[in-house]
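# Structural overview
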Amino acid sequence: MKMKRSKNEIINATVESYLKRRHYQQAGEFLCKPDQSICQTGDEVTLSATVKWGISRDNSIVFSAITIDTAAADQAYERLKMWVDVILNDKLKTELKGLLYPVFCHLYLEMLHAGNRQAAVQFLKSHQGEFISETEKSFLEELSSVFSIQDIELRPLVNAFRTRKYKVDMSDVAHICLQQFLKKHGHITLMQIINTHVTIIKKVDSVPMDTDSSESRGQRSEIGINGHVEQPCGTGVDREMRELQEAIRLIQNNTWQPLRMFTVNNAIENASCGMVASNLDKVAVGFSTSEIRLWGTSETVLVKPDFREPSISLARSVPPWSNFSENNLFRDEAGAIVLRGHTDVIHDMRFVPNADLLLTVSSDKNMRVWRLHDYTCAAIYNGHNYPIWCMDTSIFNLYIATGSHDRTAKLWSLDRKFPLRIFAGHFLDSIKFHPNARYLATGSADKTIRLWDKDDANLLRVYVGAQSTIYSLAFSPDGKYLAAAGDDKSIAIWDLATNSLLTELKGHQDTIMNVDWSLDGQYIASASADGIVRLWSTQDNILVSNK
C-alpha cells in the first residue's frame, strides 16, 4: 500500500521531473536533498539583499559575508602586497599601493571582529612598519590600542575610519589590473573589504587641475583619518554636496561633451523603441499602441507631404501611390507626424538616409517601409510567424536582417517580397551585421551568441558564456571584436579571431538595453535600465586586458 505524499513532495517531484527533462539534473538533485531548506530566515533575506546591492556598485568586485580565516587572509594580503611590489610600471605601482593601507587597517579590524585578537595583533606588528607617512603612522598608533569591537566605539578616529568609505584614486588601467588580479588570486575577505569599505575613484589624467583643486588637494593631505575621506566633523549633507561639486567640475572639464540628447516626455508607459536619423534632423519613436511618431529636431520642420519616387526599388505590397492624399496626414498635439499601419507593438526601426525611408518591425509579424517624403507606407514584408523583436541594416543599406520569436532570423532585400536567407536555431532578441556585411550575429534568451554566414546561412560559431538574455550586439568598426550585453548588467567583449572572451565591463546596476561602438573604435557606449549611459575606453579596457 502506497503512503499518500505530502503537497511539498508532489511539488518537488514535479519540478525535479521538469528539470531533468530540461537536462538540469544537478538542480533537481539539489531540490530533493532532505536537509535543504526552501525557506529563508529574515537574516538570510537581509544578507541576500545586501550582497545584491554590494555587487551592483561601480567599484564592486564581489561580496560575501564569511567568518574570517586569519591565516588565509594574512597570506592573501601578502600575495597582494608582493604583486604590487613586482609591478614594473611606477605609475601603476604608486596607484595600487594606495590600496594597501586601507585594506591592511580593515583586515586588522576584521580579525578582531572575528574574535582572533592574538592573530590580529601579530598581523598588525608584522606589517605596520611598511607605512611611513606621518598620517598613516599616527593612525596606526591609535589602531594598535584597539583590541576589541567595543574599543572601536571609544575611539572617534577609528570609529570614523570603520564607518566611512576610504577613497582611493585609481586610473582605469590600474582598476582593470586590480580586477584581474583579484579574479585570479583574490581572497574573499580582501574582496569583501574592498567592496564594503573602499571607494575607487577613477582618475581622468587629461583634466587640468585649477587653483581651487590644488588647494583642496593640499587640504586633504592634512586630514587625520586618511588622505581621501571627508573630515570626521563633516555631515552627510556636506559630504554629498562636495561629491556633487566634484562631479560637476569633472564634467565641465571633460572633453567628452555630449553633442545632442533627445527626450520623449510622457512616454514611460508606451514608448517601445526609438531612432535618430544619421544627419540628426529627425527622431522616430515607436509605441506599444502600434503608432510611430516622427519629429523634426532643432530647426528642422517636417513640411507637408511631397510625393516622389524613392531611389530604391521596393516590393509593391500596398495600394498604389495614386491613392496618396494629403488629407491622410495626421499630426498630434505636440506637432509630431503620426504613422499608422502596424497593428501591434513596434519593437525596432532603422532609417535609410539615402532613400529617405524608415523601416519598422512589430509584434504583428510584419516589416514596413515608410516614405518620409509623404509619410505613407510604401511596402509591407511578410514572412515571420511570430513577433519580430529586432532588425539591422548592412553597410550601404543593401540588406536588412530581422529576428523573430519564431526562432529564425531572415535576410531581406527591399526589392523582393520574400526573404533571401533564413537563419534558424534560437529565439532572437538581438541581431547585428558585421562591418563587411558577410556575417551576421544573433543574440538570444538561450544565453548564446551565434555567428552566421550571410551568403549560405551556415552557422559558423557559437559563443557560450553569457549568464542571461542578450539584448544588444555591436561589432567594432574594424570587425575584430564583438560586444554583447543584456540582463547580466555587464558587457562581454569577444575576440573573433581567437573565439575567446577578452573581458567583461561591469558597472551598470540593471539590464543593459543597448550597446554601440564609436566610429573610430575608441569607445563603447552602453545604455541601461538603471537610467545611466556609460562610455568605456577600448584603449584601457580591451588593449590592457589583451596584454
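Rules of the game
Residues numbered from 1 in each chain as written. Predicted model: local features only at pLDDT ≥ 70, side-chain atom pairs only at ≥ 80, totals over all residues. Heavy atoms only, no water. Helix = DSSP H or I, 4+ residues; strand = E, 2+ residues; numbered from the N terminus. Buried < 20%, exposed > 50% of the residue type's maximum accessible area, 1.4 Å probe, protein only. Contact = heavy atoms within 4.5 Å. Areas by Shrake-Rupley, 256 points an atom, 1.4 Å probe, with all protein chains shown as cover. UniProt positions renumbered as here; feature names shortened; annotations may be inferred. Expected span 1.5 Å × (residues − 1). Pairing = 2+ DSSP bridges. Axes fitted to C-alpha atoms, helices over the stretch in contact; angles between N-to-C directions. Salt bridge = Lys/Arg side-chain N within 4 Å of Asp/Glu carboxyl O.

## Notes on the overall build of the chain
- The secondary structure content of the chain amounts to 14 helices and 25 strands.
- Residues classed as buried in the chain amount to 44% of the 547 residues present.
- Considering only intrachain contacts with a sequence separation of at least 6, the fraction spanning at least 24 residues in the chain is 51%.
- Accessible surface, the chain: about 29800 Å² in total, of which carbon and sulfur atoms supply 51%.

## Let's talk about the environment of tryptophan 389
- Inspection of the secondary structure puts tryptophan 389 in strand β11 (residues 388-393).
- Exposure remark for tryptophan 389: the relative accessible area of 26% places this residue in the partly exposed category.
- Put simply, tryptophan 389 and serine 430 are 41 residues apart on the chain and 7.5 Å apart in space, counted from C-alpha to C-alpha.
- The contacts of tryptophan 389, once residues within four sequence positions are left out, are His347, Asp348, Ser363, Gly403, Ser404, His405, Leu428 and Asp429.

## Some details on the UniProt feature "repeat: WD" (unreviewed entry) in the chain
- The UniProt record annotates "repeat: WD" (unreviewed entry) at residues 339-372, 381-415, 428-462, 463-504 and 505-546.
- Helix and strand shares over residues 381-415 are 0% and 51% respectively, and the end C-alpha atoms of the span are 10 Å apart.
- Helix and strand shares over residues 428-462 are 0% and 54% respectively, and the end C-alpha atoms of the span are 14 Å apart.

## A few points about helix α4 (residues 70-85)
- In a regular helix each residue adds 1.5 Å, so 16 residues correspond to 22 Å; α4 covers 22 Å between its end C-alpha atoms and thus fits that length.
- Looking at the buried positions of α4, the neighbouring elements they touch are α5 (90-113), α6 (117-127), α10 (172-185) and α11 (188-197).

## Section: the sheet that holds strand β24 (residues 523-528)
- Strand order in this open sheet of 3 strands is β23-β24-β25, and the pairing throughout is antiparallel. The open sheet has two edge strands, β23 (512-517) and β25 (533-537), and neither has a second partner. Between one strand axis and the next, the sheet turns by 20 degrees as a mean value, whatever way the strands run.
- In the sheet, β24 pairs with β25 via 5 bridges, with the strands oriented antiparallel.

## Re the environment of histidine 185
- When you line up the elements, histidine 185 lands in helix α10.
- Residues histidine 185 and alanine 76, 109 residues apart in the sequence, show an inter-C-alpha distance of 7.9 Å.

## Considerations on the pattern of salt bridges
- For the structure on display, the rule yields 12 salt bridges.
- Two residues, arginine 293 and glutamate 291, come together in a salt bridge whose shortest N-O distance is 2.8 Å.
- In this structure, arginine 450 engages aspartate 446 in a salt bridge whose closest nitrogen and oxygen atoms are separated by 4.0 Å.
- Ionic contacts of the salt-bridge type, sharing partners, join the residues Asp348, Arg350, Asp392 and Lys432 into one network.

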